[in-house]
Amino acid sequence: MGKNKIALVAASWDGELLEACIRGIKSRLEGTGTDLHVFICFPSFGMESPENFANYNIFSLPDYKEYDGIILSINVVQGYDMIKRYHPELLSCDVPKVSLDLEMEGIPSVVPDGYDAEYRLVEHLIVKHGCRTLNYVGGSESHPDNIIRKKAFTDALKAHGIPVEEERIREYSFLDSDGRQAYADFKKLGLSNADAVVCANDAMALGYCQAAEEDNLYPPEDFIIVGYDNDENAKGFTPMITTVDKNVAKMGYLGCEVLLRLIQKEKVSDVLKYEQELVWRGSCGCFAPEELVKMDNRQLHRQIYYRVKEEAAYYDRLNGVRQNLALSDTEGLFKFYLIDTMNKFDIFGFCMCINQSIHYGTQPAEFKWETGYDEEQYVFCGMRNGQQAESQIIHRYEMVPEYLRQDDEQTHVYLFVALQKMGASLGYLCLVDANDILFRRMLLYIVGTLNNAYSNLRNLENLRKMNKRLDSVYVKDAMTGMYNRFGYMRDGYAMFEKSKAYGKPLMVMFMDMDHLKKINDIYGHSQGDNALLLFSGVLKKCAGEEMIAVRYGGDEFLIIGAVEGAQDAEAFKDTLEAELESVNSREQLPYRIEASIGYVLTDSKSKKELDDYVAEADDLMYAVKKKNKRNRKYYTEEDTMSD
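Throughout what follows, the structure given in this document is the object of discussion. Quick caveat, the model's predicted, so the values are computed rather than measured. Residue positions within a chain follow its written sequence, with the count starting from 1. A pLDDT threshold of at least 70 governs which residues receive local features in this predicted model, and a stricter bar of 80 or more applies before side-chain atom pairs are shown or counted, although totals over entire chains, interfaces and linings include all residues. Computation of side-chain values: all heavy atoms of the structure, hydrogens and water removed.

### A few points about the pairing of strand β6 (residues 134-138)
(1) Moving on: Exposure is judged per residue with a 1.4 Å probe applied to protein chains only, and the accessible area is read against the type maximum: over 50% gives exposed, under 20% gives buried, and values in between give partly exposed. Labels follow the DSSP assignment, with helices taken as runs of H or I lasting at least four residues and strands as runs of E lasting at least two, numbered in each case from the N terminus. By the criterion of burial, β6 is predominantly enclosed, with five of the five residues buried.
(2) Moving on: Note: two strands are recorded as paired if DSSP finds a minimum of 2 bridges between them. Bridging between β6 and strand β8 (residues 196-199) involves four bridges; their strand directions are parallel. The residue bridging tyrosine 136 from the neighbouring strand is valine 198, located in β8.
(3) Moving on: Pairing between β6 and strand β7 (residues 169-171): three bridges, direction parallel. When the sheet's bridge partners are listed, valine 137 is paired in β7 with arginine 170.
(4) Moving on: Note on handedness: a clockwise path from strand one over the helix to strand two, with the strands aimed away from the viewer, defines a right-handed crossover. A crossover links β6 with its parallel partner β7, the connecting element being helix α6 (residues 144-159), and its sense is right-handed.

### Quick notes on α6
(1) Moving on: Any helix carries an expected span of 1.5 Å times its number of residues minus one. Taking 1.5 Å of rise per residue, the 16 residues of α6 would be expected to cover 22 Å, and the 22 Å separating its terminal C-alpha atoms lies within 8% of that figure.
(2) Moving on: Of the positions making up α6, those classed as buried are Asp145, Asn146, Arg149, Ala152, Phe153, Thr154, Asp155, Ala156 and Leu157.
(3) Moving on: The inward-facing, buried residues of α6 contact α5 (114-127), β6, β7 and β8.
(4) Moving on: Positive phi shows up at glycine 161, right after α6, with a value of about 70 degrees. The contact definition used throughout considers only heavy atoms, calling two residues in contact when any of these lie within 4.5 Å.

### Remarks on a nonpolar patch on the surface
(1) Moving on: Put simply, a patch holds well-exposed residues, over 30% relative accessible area, that have no salt bridge, with like charges counted together within 9 Å and Val, Leu, Ile, Met, Phe, Trp or Tyr side chains within 5 Å. In these tables, accessible area is a Shrake-Rupley quantity obtained with a 1.4 Å probe, and a residue counts as shielded only by the protein chains included in the view. A carboxyl oxygen of Asp or Glu within 4 Å of a side-chain nitrogen of Lys or Arg is what we treat as a salt bridge. Together, Tyr474, Phe486, Met489 and Tyr493 make up an exposed nonpolar region whose accessible area comes to about 390 Å².
(2) Moving on: Tracing the sequence through the fold places tyrosine 493 in helix α16 (residues 485-502).
(3) Moving on: We classify tyrosine 493 as partly exposed; its relative accessible area is 30%.

### As for α5
(1) Moving on: End to end, α5 covers 20 Å across 14 residues, agreeing with the expected 20 Å (1.5 Å per residue, within 8%).
(2) Moving on: Where α5 is concerned, the buried positions are Gly114, Ala117, Glu118, Leu121, Val122, His124, Leu125 and Ile126.

### Side note on the nonpolar core
Considering soluble globular proteins, one finds that nonpolar side chains tend to be buried as a cluster.
(1) Moving on: Within the largest apolar cluster, 61 residues are counted, with the highest numbers of intra-cluster contacts made by Phe350 and Met352.
(2) Moving on: If near-sequence neighbours (up to four positions away) are discounted, methionine 352 is found in contact with Phe334, Leu338, Tyr378, Val379, Phe380, Cys381, Leu419, Tyr428, Leu429, Leu450 and Tyr454.
(3) Moving on: In this text, buried Ala, Val, Leu, Ile, Met, Phe, Trp, Tyr and Cys residues form a nonpolar core when linked through side-chain atoms within 4.5 Å. Formed by 43 residues, the second largest nonpolar core is a distinct cluster that contains Val137, Ala182, Ala200 and Ile224.

### Thoughts on the sheet that holds strand β22 (residues 595-601)
(1) Moving on: An order of β20-β21-β19-β22 is seen for the four strands of this open sheet, with the pairing classed as antiparallel. Both outer strands of the open sheet, β20 (548-551) and β22, are each paired with one neighbouring strand and no more. Taking each pair of neighbouring strands and ignoring which way they run, the sheet shows an average axis angle of 15 degrees.
(2) Moving on: As defined by bridge partners, β20 adjoins strand β21 (residues 556-562) across four bridges and the pair is classed as antiparallel. Geometry is summarised by axes, namely lines fitted to C-alpha atoms with helices restricted to the contacting stretch, and by angles between N-to-C directions that run from 0 to 180 degrees.

### Observations regarding the packing of helix α18 (residues 525-543) against helix α19 (residues 566-587)
(1) Moving on: Running from N to C, α18 and α19 point in directions that differ by 140 degrees, and their axes come no closer than 10 Å. With respect to their mutual orientation, α18 and α19 come out oblique. Remark: the crossing between α18 and α19 carries right-handed chirality. Listed contacts from α19 to Leu534, Phe535, Val538, Leu539, Lys541, Cys542 and Ala543 of α18 are Phe572, Thr575, Leu576, Glu579, Leu580, Val583 and Glu587. Any angle from 65 to 115 degrees is called roughly perpendicular, while one under 35 is roughly parallel, one over 145 is roughly antiparallel, and all others are oblique. Handedness of a crossing is defined here by the sense of rotation of the near helix relative to the far one, left-handed for an anticlockwise turn of less than a right angle and right-handed for a clockwise turn.

### Some points on unusual backbone geometry
When glycine is set aside, most residues are seen to have a negative phi, and most peptide bonds are trans.
(1) Moving on: Omega for the bond connecting proline 219 with proline 220 falls within 30 degrees of zero, at -5 degrees, which places this linkage in the cis form.
(2) Moving on: With respect to the secondary-structure elements, proline 220 resides in the loop between α8 (202-213) and β9 (224-226).
(3) Moving on: Between threonine 238 and the following residue, proline 239, the backbone shows a cis peptide bond with an omega angle of -5 degrees.
(4) Moving on: Summarising the element assignment, proline 239 is placed in the loop between α9 (232-236) and β10 (243-245).
(5) Moving on: Positive phi is not limited to glycine here, since asparagine 216 has a value of about 60 degrees.
(6) Moving on: Of note, the phi angle at aspartate 229 is positive, near 115 degrees, even though the residue is not glycine.
(7) Moving on: By secondary structure assignment, the location of aspartate 229 is in the loop between β9 and α9.

Here you go:
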C-alpha cells in the first residue's frame, strides 16, 4: 500500500482489551494519514502445541521492512518465547519498535506501573479493612506480571509488619480454573480462612469465588477478594470485583506516541511507566456507587430480563454463525453465509485468503512445523461495503486485494488473524475497520468456526474430486472414455426406470464395429486402436449429453437415449452413419470405419427389462451384419474384409 503504516503485533485472549489498545493507538494516529495493521494471535498454552505454533504463524505474514514502525503487545504466557524461537526476524528487523506491557531487551517499552498498583491495593486491604492474614493466588511463576505483583504483595506485608507465609502463596496459570484450584489447595492446607485473597487477575478471583460458594462462603461477608485487569466479568459479578484497571487505551496511545518519536529519530526512555487506577467495589467492602443503588423488585427483574435477553441474542448470533457455516457443504453456500455473517457487523470489508497449496490441493491438511505462507494466496471470499467481491490470486506480501485498500487521509485499521486446523496453516482472515467484532471474543469464535468449517469443506471437496476420479475409473472405459458395463448398469438402468415412470420410449441401439480384427491383423494394433478411437468419437458426438454411449465389449457398442418414436430413432441412425462416412472421407485411411447397427424402442407398459431390449437390439444388429457381409465392399480389389 502507498500510505504510511505501522504494525501492531498482538497476542491476546481478551478481545475487549485488544480493542481498547487499538482504540488508543488509532486516536494518536488520527490526522497523520497512517494506517494500522494488527496481526492478532489468540494463543493457547504450550510451546510445542501445534495450534499455538499455527496461531503465532500470523506474525510471519508481513514484510516488516515495509512498515514505518512496529508496536509489540505480547504480554501473554510464553508469548515472548514463541516470538524469539519462531519469529526472530520480527525482533531483529531494522524498524523502530515499541513494546507494550512487557519490558523487552533493547526495545523501548510502555508499561503500567504494576508494582505500585498492586502495592497500593494490598496496602488498602491492610490499612482500610484491617486484614492480617492474606493469601496470594498468582499466575505463571515465570511471567513478568506475576513476578512484579507477587513482589508488591510481599513487600506490602513486610512494610506493615505482617509475616510472609510461603504456604499462603500459590502460583498457577491465570485461568479461572486456577482460582477454583487455589481455593481447594488452601482448604486442604487449612488456610482457606484468610481475611483477604489477592489474585493476580480477575479470572482467578472469579474462579475462587465460585469454589468458595460451594461451601456457602461469600465476599465480602466471609472473606475479601481482589483481582487485576478490570475485565467485563469482574464488572458483572455480584459483588463486583475490586480490581486494577490498566487503562489499556492509554497504554496504546502512549506506545504510539513513543513510536512516532522514534520514527522521527528522537530519543526516548527505555521504559515509560504510567499509573494505573484502583477500582473499589463490593468484593472488598468498598461498594461502587452503582452497587449502592437500591432496586425494587420490578427494577431488579427488568435488569435481569434485559441482561438475559442480551445474552440470548449474543449466543443466538454466535450459534447461527456456527451452524450456517458448519452446514455449508459447497463453496457457494459457504461464501453466502460468510458474507451474511460479516454483514451483521459494522465493517468496511474483509477477505479470507487461503494458501494455494491448500485450496488447490487434494490431500487433507497435514501439520508441518514450518513458518510462513505460500507466496501466492487465493482470495477465497471477500466483501466490500456489503457486496461480495470476485475471488482472485494475490501475492503474499500484498496481503489484501485492491478493493480493500483505502488510500484516503484517514487512519484505517486492518485486522489479520491466522486460519489453521490442528496446527496446519490454512491461510488468514483480514477485516478492515471492524473493531466492534473484537468485543466478547466474537472474532475468536468466528475464526474458530471458520477453521473447522473451511477444513471440512475442503476435505469434502477433495473427497468429491477423489470420488469423481474413482467413479471415472469404475464406470468409464480406459481407452475410449465411454461408459463400460458398470456404467451401463448404473446409469442405463436409471434412465430405463425413469422412462418407464414417465411413459416415454427409449432407443436401445446396438452396434458392432465391422472388420476390427482384420484391421489389427493387416495394419497392426496401433491402427486398430486408432479405428476404435475414431469410431467411439463418432458415437460420443452423436450421443451428446442426453444419451448414454457404452463400450459393451471389445468391438461392441451401445447407445441408450430418449426419442419420440421410430422416426427419431431412424434419423439418429442416419446421422450416425453420415458422421462415420465423414470420418472416412476426412481421414483417408487404407480401411473404412463401419458398423452394423440394430435398434429397438422400449415400451413403458411392457414387463421387459433393459437387458431384454439390449438382447433384441443385438439380434437385429447380427441380422444386419450377416446382410452386410454379403454386400460388403472390398478394401482393395484383391482383399475382401470379412469378420
